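For reference, the chains in residue letters:
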Amino acid sequence: MRALDIKLLRDLRRLWAQALAIALVMAAGVATLILGVGAYDSLSTTRERYYDAHGFADVFASLTRAPGSLKAEIAAIDGVAAVETRVEKIALADLPGMAEPASVLLVSLPDTHMPALNRLYLRSGRLPDPGAEEAVASAGFAAAHGLAEGDTIRVLINGRQRDVKLSGTALSPEFIYALGPGALMPDDRRFGILWAPESLLAPAYDLDGAFNQVAIRLVRGVNPQAVIAEADRLLARYGGRGAYTRKDQLSHAFLDAELRQLQTMSRILPPIFLLVSAFLVNMTLSRLIALEREQIGLLKAMGYSSLSVVRHYAGFVTLIAIAGIALGFVAGGWLGAGLTRLYAAFFSFPFLVFSRNPAVYGIAAGATYAAAILGAVKAVRDVAWLSPAVAMAPPAPPRFRKILGGMADLSRYVRQSGVIVMRHLTHWPVRTLSGVLGMAMAVAILVGSLWSFGSIEHMIDVTFQRSDRQDATITFTDVRRMDALYEVRRLPGVKQAEPFRAVAVKLVNGPAQRRISLIGNSAGGQLSRVLDGKLVPVTLPDGGLVISEALAELLKLRLGDKVSVEVLEGRRQKLDVPVSAIITGFIGLTAYMNLDAMNRMLGEDQLISGAYLALDAEGRGALFARLKEMPAASFISLRYAALANFRETLAQNISIMITVYTSLASIIAFGVVYNFARISLSEQGREMASLRVLGFTRGEVSALLLGELAVVAVVAQPVGWLLGYGFAWTMANGFRTDLYRVPLVVNREVYAWASLIVFAAAALSGLVVRRRIDRLDMIEVLKTRE
């Protein structure tokens, strides 16, 4: 073994704690990249294989009623590979142990075979027998109620109570993310899917030999818009509401939004972590090399070349990087598998393909090693090419001056130890600034990880407390006259009821277009309010649309612009309507109108789709009992249940993911602070030993170094807050999708917790360093190298 290799091993053994801290920072960067990219690749691969294996359709359309013979005409459209038609209706279900009614989406199955498209994945049991009052239930819905094969569910099918027996449970690629009408999150307890024989559902809804839903699979490479145009032409006279691609299919759209958010985190956080690790390597190595300047000169005087010296320190960094990369591989693989399983359970995939793409590991290792070498280059370059005589000579002593030119005599205001600390910090400004920046980056990473908790709470407050203040929302089976509202107001337990109408429309502005549900609310409604950016209620104008900021950006609309509104139901009018207001919305693409103005625009009487309710707590039981027998109602949404479900799903998933990143950020914070403290001790060991010889106590000597650490930590806080806000802003913008907009809300608590964690890391590092100061060998430290 060469002499330099022996020195390398000795350096690692001597500096093992600092090397480990740097390795942990690198491991955090590697783990973050593998965690994010690995989970994203795994879920994407799982989704695509599930879609292919079970024939997930490419185009979907709903309509009022079309004869079964139309299926052949749709199949004859150029570019269509397969067509599946069916009956689909929403109904109320009465389940034991549940006071409020649940809702189920009834989906017909061919009597003789599995459907060609959107095929079921049977979890248990079998398909229902033709003609029998049997059904297969979605697995999540069955599990939430403890239902199994052979159990019975009472369902209100077209106004008639039917006892439907479960023949099995299943999953479907069409309902990975199963949402009820107007719901924000899946709720397996209150909404599920029942697949029943066509011979049961079609006669019940007067759809014998007819259908009201169609799914289409396209030939690979075919332009879907041409197929959609022809399908819309065929379905228009049968009440077609406009065909749409997977992009607008509810389950796929929500799943896609979740995956994009995961991808965003994997693109933003790892570069930040790797940047910090590069900076930490540079800070550590440059100060280490400065301490070994005389040794470098001696090595060169003994015949070692500059390149040999460079290779020696590059090897030092390489060994640390290898340890960090190995730890990151293990942690990233384990955390990535856990996160993937969490998402897979949430989305109810029937199987899981966990991706361990070697390219991801290679990129993580390459990026980490490049960051480490980049951090080492400058530190080695400054010393390695010095001549032996210059390198062996001690560096020029700092030029001491009075602070602020003597205008401020600190000795009059602070103790002498404080003066020593301030002089030490100001006489090495580059080193001090590097320490401040290092700790500021630790604070910034924590702020950039913790901010989302406050943002989620803000979303909850605005959505569930300030905007939607109703206790319950009833959706009718179809549009009703205003008389239905008066009937709802007479139901037991109802204190207040306000109407709404939902109309399927397509908004078009030049080449940009989007299918949405246009909501008509009462102008002075108090239960469901539209809020502006300052959270002030907006009075819906007598004409014009009020649209969310996300929809305005997507369609490139500004206040006062006119947008083409293509109504996808009823008489299918095409109207130009002005944009009267643009509001801030966090969930979905939303557009509102004054209810009276909407009905006038459509040329219809006072029609409504449902009602918002304020309930009397004591009368809820009687209300729910009545609703279970109410043929006009198809879906009941409860605000308290939606809020609880929101916290358990989206908020919980984000919280778990952010907690992982926060833990990794905390490791980085400790690594930065600990390295700064240890290197400062190495640089000032001789001075501290001299002070001990002069009679200073261990506490007084420790106070000098710990005071320096405290000053740097305090100064770093505002810098870290500012950088952290920038990180949070970057992540908030990266999280933006058509379905979610996470607000940028960085509360004071975020800054406080980030600072507390860094201060805790500083205190822990200070305790470790204090023990080393107490064990200083004064004779060894005070030896002068000849």
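This text gives an overview of the structure that appears in the document. (Residues numbered from 1 in each chain as written. Predicted model: local features only at pLDDT ≥ 70, side-chain atom pairs only at ≥ 80, totals over all residues. Heavy atoms only, no water.)

1. Notes on the overall build of the chain
Working step 1: Within the chain, the secondary structure is distributed over 21 helices and 20 strands.
Working step 2: Oriented by its inertia axes, the alpha-carbon framework of the chain measures out at about 105 × 60 × 50 Å.
Working step 3: For the chain, buried positions account for 55% of its 786 residues.
Working step 4: Relative to all contacts within the chain whose residues are 6 or more apart in sequence, the contacts with residues 24 or more apart total 83%. (Helix = DSSP H or I, 4+ residues; strand = E, 2+ residues; numbered from the N terminus. Buried < 20%, exposed > 50% of the residue type's maximum accessible area, 1.4 Å probe, protein only. Contact = heavy atoms within 4.5 Å.)

2. Observations regarding the packing of aromatic side chains
Working step 1: Counting across every chain of the model gives 11 aromatic pairs.
Working step 2: Seen in terms of ring centroids, Tyr 50 and Phe 349 are 6.3 Å apart; in terms of plane orientation they differ by 80 degrees. Their pairing is edge-to-face. You can see Tyr 50 sitting in helix H2 (residues 16–53) and its partner Phe 349 sitting in the loop between helix H9 (306–347) and helix H10 (358–384), a full 299 residues away along the chain.
Working step 3: By relative accessible area, which is 0% here, Tyr 50 ends up buried.
Working step 4: Judged by its relative accessible area of 5%, Phe 349 is buried.
Working step 5: Ring plane angle 25 degrees and centroid distance 4.8 Å describe the contact between Phe 500 and Tyr 612, whose orientation is recorded as stacked. Linking Phe 500 in strand E13 (residues 494–509) with Tyr 612 in strand E19 (residues 607–615), this pair joins segments that are 112 residues apart in sequence. (Phe/Tyr/Trp six-rings, centres within 6.5 Å; stacked < 30°, edge-to-face > 60°.)

3. Structural notes on the pairing of strand E18 (residues 591–594)
When a strand is regular, its side chains alternate between the sheet's two faces.
Working step 1: What you see with E18 is no split at all: Ala 591 and Met 593 on one side and Tyr 592 and Asn 594 on the other are buried throughout.
Working step 2: Relative to E18, strand E14 (residues 512–521) runs parallel, the two sharing 4 bridges. Bridge pairing links Leu 518 to Ala 591 in E18.
Working step 3: Sheet topology places strand E15 (residues 545–548) next to E18; 2 bridges connect them, and they run antiparallel. The partner of Ile 547 across the bridge, within E18, is Ala 591. (Pairing = 2+ DSSP bridges.)

4. Notes on a nonpolar patch on the surface
Working step 1: Together, Trp 16, Leu 20, Leu 24, Leu 327 and Ile 667 give the surface a local cluster of nonpolar side chains, amounting to about 430 Å² of exposed area.
Working step 2: Considering each element in turn, the nonpolar patch owes the most residues, 3 residues, to H2.
Working step 3: By secondary structure assignment, the location of Leu 20 is in helix H2.
Working step 4: Relative accessible area serves as the criterion here: at 39%, Leu 20 is assigned to the partly exposed category. (Patch = residues over 30% accessible without salt bridge, like charges linked within 9 Å, V, L, I, M, F, W, Y side chains within 5 Å. Areas by Shrake-Rupley, 256 points an atom, 1.4 Å probe, with all protein chains shown as cover. Salt bridge = Lys/Arg side-chain N within 4 Å of Asp/Glu carboxyl O.)

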